[in-house]
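Architecture and fold: a report
What follows is each chain in one-letter form.
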Amino acid sequence: MQSDWRARYDAARNAANAAARLALGYFDGSFEVEWKRDETPVTIADRETESYLRRTLLDAFPEDGFLGEESGDQPGSSGFRWIIDPIDGTRNFVRGIPVWGTLVGLEHRGELIAGIVEAPALHESWHALRGDGAYHSERRMRVSDVSELRAATMCYTNLSCFRAAGHHNLLADLAERVQVQRGYGDFWGHMLVAEGAADVMVDYGLHPWDMAALVPIVEEAGGRFTAWDGAINLERPDVVATNGRLHETTLQLLTPPGVH
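Residues numbered from 1 in each chain as written. Predicted model: local features only at pLDDT ≥ 70, side-chain atom pairs only at ≥ 80, totals over all residues. Heavy atoms only, no water.

With respect to the pattern of salt bridges
Using the criterion set out here, one finds 15 salt bridges in the structure. In this structure, the salt-bridge partner of Arg 6 is Asp 10, at a minimum N-O distance of 3.6 Å. With Arg 6 and Asp 10 both in helix α1 (residues 3–27) and 4 residues apart, this pair spans about one turn of that helix. According to the relative accessible area criterion, Arg 6 is partly exposed, its value standing at 28%. Asp 10 gets classed as partly exposed once you look at its relative accessible area, which sits at 35%. (Salt bridge = Lys/Arg side-chain N within 4 Å of Asp/Glu carboxyl O. Helix = DSSP H or I, 4+ residues; strand = E, 2+ residues; numbered from the N terminus. Buried < 20%, exposed > 50% of the residue type's maximum accessible area, 1.4 Å probe, protein only.)

Comments concerning the packing of helix α5 (residues 168–177) against helix α9 (residues 247–254)
Relative placement of two packed helices is described by the angle separating their axes and the distance separating the axes. As a packed pair, α5 and α9 sit with axes 9 Å apart at the nearest point and diverge in direction by 140°. Taken together, the axes of α5 and α9 lie oblique to each other. Contacts between α5 and α9 involve Leu 170, Asp 173, Leu 174 and Arg 177 on the former and, on the latter, Thr 250, Leu 253 and Leu 254. Of the residues contributing to the contact of α5 with α9, the split by class is 4 nonpolar, 1 polar and 2 charged. (Axes fitted to C-alpha atoms, helices over the stretch in contact; angles between N-to-C directions. Parallel < 35°, antiparallel > 145°, perpendicular 65-115°, else oblique. Contact = heavy atoms within 4.5 Å. Nonpolar A, V, L, I, M, F, W, Y, C, P; charged D, E, K, R; others polar.)

Some points on the packing of aromatic side chains
With the rule as written, the count across this model stands at 9 aromatic pairs. On the basis of an interplanar angle of 35° and a centroid distance of 6.2 Å, the ring pair of Phe 61 and Trp 82 is categorised as tilted. Of this pair, Phe 61 sits in the loop between α2 (44–60) and β3 (65–68) while Trp 82 sits in strand β5 (residues 80–88), and the two are 21 residues apart along the sequence. For the pair formed by Phe 61 and Trp 82, the shared burial category is buried. Among the aromatic residues, those joined into a cluster by ring pairs are Phe 27, Phe 93 and Trp 100. Sitting over the ring of Phe 80, Arg 8 keeps its end group 3.8 Å from the ring centre. (Phe/Tyr/Trp six-rings, centres within 6.5 Å; stacked < 30°, edge-to-face > 60°. Lys NZ or Arg CZ within 6 Å of the ring centre and 35° of its normal.)

Some details on the side chain of Thr 43
Its location among the elements puts Thr 43 in the loop between β2 (41–42) and α2. Under the relative-accessibility criterion, Thr 43 is labelled buried at 1%. Among the polar contacts made by the side chain of Thr 43, one reaches the main-chain amide nitrogen of Ala 45 at a distance of 3.1 Å. Leaving out residues up to four positions away in the same chain, Thr 43 has contacts with Phe 31, Glu 32, Val 33, Thr 90, Phe 93 and Val 94. (Polar contact = N/O pair within 3.5 Å; in protein donor to acceptor, adjacent residues only side chain to side chain.)

Focus on the environment of His 136
Its place among the elements puts His 136 in strand β9 (residues 134–136). In sequence terms His 136 and Arg 109 are 27 residues apart; their C-alpha atoms lie 27 Å from each other. When sequence neighbours within four positions are dropped, the list of residues in contact with His 136 reads Glu 124, Ser 125, Trp 126, Met 141 and Glu 195. Within the structure, His 136 has its side chain in polar contact with the side chain of Glu 124 (distance 2.5 Å).

Thoughts on the side chain of Asp 64
On the secondary structure map, Asp 64 appears in the loop between α2 and β3. Taking the relative accessible area as the measure of exposure, Asp 64 reaches 1% and is therefore buried. There is a polar contact of 2.6 Å between the side chain of Asp 64 and the side chain of Ser 78. Residues within four places of Asp 64 in sequence aside, it is in contact with Arg 8, Leu 58, Pro 75, Gly 76, Ser 78, Phe 80 and Trp 82.

Nothing here speaks to function; it is geometry throughout.
See the structure below:
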């Protein structure tokens, strides 16, 4: 394992933990909610958390690139790029729902090599480095052994995103074939797949910062994370994470002709 990977991973774990604690300080307080052009909310907690991560990570590794949901893209020269979502689940955050997290992903020459998810209001954390396994806090985790959809638990984020994109029927068809459906959305559904508590997480309407931290964690736990046609592309809005055993079957249900 490359020493520069490990150095960044260790630094990112510390930074993500501190940043999430910063966001948590706003969670039970009073703050103004603004609405962006895409009709998603943003708060001072989002901006200050991202600013802290940008400053901390780029002070330590000044030649790295940085892509943040709130502050945009800053190219680097090292081959490394940090991809940050300061608060994934801001809609939950502003309503007092504890399912939100700080996401830090690390990319090296186009490969996602590390991910950290801190969910302080849930008292949970997940992290992974390529070749080193995936961890729920400090416990090694693995995906489930479920091999049939009829025995599977499926998670999803937001029905309205599927409906607006014209894909509500795909989600409904998949939901009818699994044993249990749960709206454990945003990062949490993907982490439940990684730790073996759920088997399929299907999502739509994502951005690079929503998924960069999640990919290494799911894959290091033994699962698969792709677009609905099996491609790996951070620019695609359609995402499915599974325990691997159910991936091809799930893709078949999500990719009829004309979906994309």
